[in-house]
Amino acid sequence: MKKLLAKTRAAADKYNMFGQNEKIAVGISGGKDSMMLLMLMAALRDFHPSHFELTALCLDPCFGGVENNYTPIIDLCHKLDVPVIIKRSRLGEIIFEERSESNPCSLCARMRRGILHNMAIEAGCTRLALGHHLDDAAATFWMNLTSGSRISCFSPVTYLDRKQIYLIRPMIFCREREIASTAARLELPIIKSRCPADGATERKKSSDMLHELEKTYPNLIERIISAIQHDDISGWGQQ
């Protein structure tokens, strides 16, 4: 975990992700990425000079009308001394039953983000940490290039004027394989997604394509991120 912690702090310090004495929300879904983010943020809280507080936010989409059992995650939050707020929603029902979306992922992501933003504000947080990692960034860039005909990526830090809240992505220097192996070694509680579209998203397809290309072009994903930083795409070159 030390290696991931060093990379997370490096990203946070490079992009000024933490404000002094602020309250930061950590979005957790139960997946390996968000659970590792929670662990890393709790570790940073204990020694980072920004002296920030944490609150974990969990949005249950209730796919199939069934509520997830988050007891193991609640127990971990208590162990880390991080308050946790769980909100049940009709997101799954709206997306897959009422709307019957042909492209459910886009609408689901927008609705999920909106709810999480409001949850963070209601909890008195000024920043919301999300669990995107380096592989996610490269896949997003590739997806935007091949499907959207544009050169862009999500930003390390985004300020939402309407909500007056910052979105931060502290794990953007961490590789997915490092996160997966560390999460397994720490035996973090993982809740498998029950989303009907899980594993079939455009981002997943882009990610799989890049990982396949890496077999021929070693370190391709790191090279993509280096190029994004070098050309300051979507704020990645900021100091």
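Because the structure is a prediction, the values reported are computed rather than measured.

Peer 1: Give a description of the pairing of strand 6 (residues 165-168) that names residues and reports values.
Peer 2: Pairing analysis gives three bridges linking strand 4 (residues 127-129) to strand 6, with the strands arranged parallel. Looking at the pairing, arginine 127 lines up with tyrosine 166 of strand 6. Of the strand pairs in this sheet, strand 5 (residues 157-160) and strand 6 are connected by four bridges, and their pairing is antiparallel. Each residue of the ladder has a partner; that of tyrosine 159, found in strand 6, is tyrosine 166. Hairpin geometry of strand 5 and strand 6 is characterised by an intervening segment of four residues between the two adjacent antiparallel strands and by a positive phi of about 55 degrees at glutamine 164.

Peer 1: Please provide a residue-by-residue account of the packing of helix 6 (residues 134-147) against helix 8 (residues 202-213), values included.
Peer 2: Packed helix pairs are specified by the crossing angle of their axes together with the interaxial distance, meaning the distance between the axes. Remark: helix 6 packs on helix 8, axes separated minimally by 8 Å, with the N-to-C direction vectors making an angle of 105 degrees. The pairing of helix 6 with helix 8 is recorded here as roughly perpendicular in orientation. Here helix 6 contributes Asp135, Asp136, Ala138, Ala139, Thr140, Trp142, Met143 and Ser147 to the contact with helix 8, which in turn contributes Glu202, Arg203, Ser206, Ser207, Met209, Leu210, His211 and Leu213. Looking at the contact of helix 6 with helix 8 residue by residue, the classes come out as seven nonpolar, five polar and four charged.

Peer 1: Which residues make up the packing of aromatic side chains, and what values go with them?
Peer 2: Scanning the entire structure with this criterion turns up five aromatic pairs. Aromatic side chains tyrosine 15 and tryptophan 236 sit 6.3 Å apart centroid to centroid with 70 degrees between the ring planes, which places their arrangement in the edge-to-face category. Highlighted residues: tyrosine 15 in the loop between helix 1 (2-14) and strand 1 (23-28) and tryptophan 236 in the segment after helix 9 (220-230), separated in sequence by 221 residues. Each member of the pair tyrosine 15 and tryptophan 236 is classed as buried. With a centroid separation of 4.6 Å and an interplanar angle of 50 degrees, the aromatic rings of phenylalanine 18 and phenylalanine 52 are classed as tilted. Linking phenylalanine 18 in the loop between helix 1 and strand 1 with phenylalanine 52 in the loop between helix 2 (32-45) and strand 2 (53-60), this pair joins segments that are 34 residues apart in sequence.

Peer 1: Help me get a handle on unusual backbone geometry, residues and values and all.
Peer 2: Leave glycine aside and you will find that most residues have negative phi; peptide bonds, for their part, are mostly trans. With a phi angle near 55 degrees, serine 149 is a residue other than glycine that sits in the positive phi range. As for its placement among the helices and strands, serine 149 is situated in the loop between helix 6 and strand 5. Residue serine 149 is classed as exposed on the basis of its relative accessible area, which comes to 68%. Even without glycine at this site, serine 234 takes up a positive phi of about 55 degrees. By the secondary structure assignment, serine 234 is in the segment after helix 9. Taking relative accessible area as the criterion, serine 234 reaches 25% and is therefore assigned partly exposed.

Peer 1: So what about the nonpolar core? Which residues, and what values?
Peer 2: One recurring pattern in soluble globular proteins: nonpolar side chains tend to sit buried together. Counting residues in hydrophobic clusters, the biggest one holds 54 residues, and the most contacted among them are Phe18, Ile28, Met36, Leu38, Met41 and Trp236. If near-sequence neighbours (up to four positions away) are discounted, methionine 41 is found in contact with Phe18, Ile24, Val26, Phe52, Leu54, Ala129 and Pro170. In terms of nonpolar packing, the next biggest core, distinct from the first, is built from 17 residues, Leu59, Cys108, Leu130 and Leu160 among them.

Peer 1: How would you explain helix 1 if you had to name every residue and give the values?
Peer 2: Relative to the 18 Å expected for 13 residues at 1.5 Å per residue, helix 1 spans 18 Å between its end C-alpha atoms, a close match to the ideal helical length. Inspection of helix 1 places Leu4, Leu5, Thr8, Ala11 and Ala12 among the buried residues, and these make up the whole buried set. All buried residues of helix 1 project into a common sector of 130 degrees when viewed along the axis, lining one side. Turned more than 90 degrees away from the buried face of helix 1 sit Lys2 and Lys3, all of them exposed. Directly beyond the C-terminal end of helix 1, a positive phi value near 50 degrees is found at asparagine 16.

Cut-offs applied
- Residues numbered from 1 in each chain as written.
- Predicted model: local features only at pLDDT ≥ 70, side-chain atom pairs only at ≥ 80, totals over all residues.
- Heavy atoms only, no water.
- Pairing = 2+ DSSP bridges.
- Helix = DSSP H or I, 4+ residues; strand = E, 2+ residues; numbered from the N terminus.
- Axes fitted to C-alpha atoms, helices over the stretch in contact; angles between N-to-C directions.
- Parallel < 35°, antiparallel > 145°, perpendicular 65-115°, else oblique.
- Contact = heavy atoms within 4.5 Å.
- Nonpolar A, V, L, I, M, F, W, Y, C, P; charged D, E, K, R; others polar.
- Phe/Tyr/Trp six-rings, centres within 6.5 Å; stacked < 30°, edge-to-face > 60°.
- Buried < 20%, exposed > 50% of the residue type's maximum accessible area, 1.4 Å probe, protein only.
- Core = buried A, V, L, I, M, F, W, Y, C linked by side-chain atoms within 4.5 Å.
- Expected span 1.5 Å × (residues − 1).
- Arc of directions from axis to C-beta.

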